[in-house]
Every structure is written in structure tokens, then in C-alpha cells.
Amino acid sequence: HQQDVIHGRRLLYESSQRGKLPENEEDIHNMFRALTRFDTAATLVRSGLVPKRWMLETWHLALRELDVGFRLMVKYQRHDWRTANYWPDLTDLIEEARKFKCKKVCCSRNLEEAQPRFGPSPPPSS
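This text gives an overview of the structure that appears in the document. (Residues numbered from 1 in each chain as written. Predicted model: local features only at pLDDT ≥ 70, side-chain atom pairs only at ≥ 80, totals over all residues. Heavy atoms only, no water.)

Topic: helix H2 (residues 25-46)
Since there are 3.6 residues in each turn of an α-helix, residues three or four apart along the chain are aligned in direction. Taking 1.5 Å of rise per residue, 22 residues should cover 32 Å, and H2 covers 31 Å from first to last C-alpha, within 8% of that figure. Listing the buried residues of H2 in full gives Asp27, Ile28, Asn30, Met31, Phe32, Ala34, Leu35, Phe38, Asp39, Ala42 and Val45. The residue sitting at the N-terminus of H2 and contributing the capping side-chain oxygen is asparagine 24; that oxygen lies 2.7 Å from the backbone nitrogen of glutamate 26. (Helix = DSSP H or I, 4+ residues; strand = E, 2+ residues; numbered from the N terminus. Expected span 1.5 Å × (residues − 1). Buried < 20%, exposed > 50% of the residue type's maximum accessible area, 1.4 Å probe, protein only. Polar contact = N/O pair within 3.5 Å; in protein donor to acceptor, adjacent residues only side chain to side chain.)

As for the pattern of salt bridges
This model, assessed by the stated rule, comprises 11 salt bridges. Note that lysine 52 is salt-bridged to glutamate 96, the shortest N-O span being 3.1 Å. With lysine 52 in helix H3 (residues 52-81) and glutamate 96 in helix H4 (residues 88-99), the pair connects residues that are 44 residues apart, well separated along the chain. For lysine 52, a relative accessible area of 37% gives the class partly exposed. Under the relative-accessibility criterion, glutamate 96 is labelled partly exposed at 30%. With its nearest N and O atoms 3.9 Å apart, the salt bridge here joins glutamate 95 to arginine 71. Here glutamate 95, found in helix H4, pairs with arginine 71, found in helix H3; they are 24 residues apart in sequence, far enough to count as distant. Glutamate 95 gets classed as partly exposed once you look at its relative accessible area, which sits at 28%. The structure contains a network of salt bridges with shared partners spanning Asp67, Arg71, Glu95, Arg98 and Lys99. (Salt bridge = Lys/Arg side-chain N within 4 Å of Asp/Glu carboxyl O.)

Observations concerning the packing of H2 against H4
H4 packs onto H2 with a crossing angle of 75° between their chain directions and a minimal axis gap of 8 Å. With respect to their mutual orientation, H2 and H4 come out roughly perpendicular. Residues Leu35, Phe38, Asp39, Ala42, Thr43, Val45 and Arg46 of H2 form the contact with H4, whose participating residues are Pro88, Asp89, Leu90 and Leu93. Class assignment of the residues belonging to the contact of H2 with H4 gives a composition of seven nonpolar, one polar and three charged. (Axes fitted to C-alpha atoms, helices over the stretch in contact; angles between N-to-C directions. Parallel < 35°, antiparallel > 145°, perpendicular 65-115°, else oblique. Contact = heavy atoms within 4.5 Å. Nonpolar A, V, L, I, M, F, W, Y, C, P; charged D, E, K, R; others polar.)

Details of the packing of aromatic side chains
Scanning all chains against the criterion turns up four aromatic pairs. With 6.3 Å between their ring centres and 55° between their planes, phenylalanine 32 and tyrosine 76 make a pair best called tilted. Highlighted residues: phenylalanine 32 in helix H2 and tyrosine 76 in helix H3, separated in sequence by 44 residues. Here the two residues phenylalanine 32 and tyrosine 76 agree in accessibility, since each one is buried. Taken together, the ring pairs in this structure connect Phe32, Phe70, Tyr76 and Trp87 into an aromatic cluster. (Phe/Tyr/Trp six-rings, centres within 6.5 Å; stacked < 30°, edge-to-face > 60°.)

All we've got here are geometric facts, nothing functional implied.
As C-alpha cells, this is what we get:
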């Protein structure tokens, strides 16, 4: 169910921001579905079917934002289900995304440079 996965992904990001999981069990299951999709992509990277550099260039920010929600889900599954981490490939990919630096403004240390500019464009330089 694609809508469940989309909903689960949104809940993962919200959980990352709030620092806690939702209480609704169906929401938790949607989050598991979303993590399984992310882990499938990570498995494709590990197997070499998707270039790691491409995945990190494209998804590094999303994976970083997922990190806290992901860790909460791993903790939930260990505590409530007494199981190991179901997503080892995703674990590795998120860790690589946390360290990844691209040359775009999203990874810039200069916060001023990273801010979008609104208003008239500066005149072209000659």
C-alpha cells in the first residue's frame, strides 16, 4: 500500500523531530513499512545495483533527518518485540549519510551561503 508507506515516512520524520514515536499501533506498522522500503534501497546500494555515491548525493539529507526516528524504531522493536535490528543495510547507509558532505549549499558550513535568496537577482557580472 503506497499510501501507507508515504504516511509511514512522514511519521518517521515527525518522530525524528519530536524525539518520540506515535502511540497508535497502525502508525507504527506504517513506519515499519516505510523503513522496509528504505532498507530495500540500502540493500540495492550494498549489492552494487545502485551506486552508493548517487544514493548519498540524492538522499543524504532525507536519511539524516530519518536518523532519530529510525533509532527510535530499532529501540522499539528490541524492547517490545525482542528482536534484532531488521534493517542492517539501512543502518549502514544512514551512518554514511550522516558523514557525507556534498559540494552544495545543504552541506555548507557557511550558514549565510546556505540561506535561499529571495527578491531580485543580482545583475550579471562581466
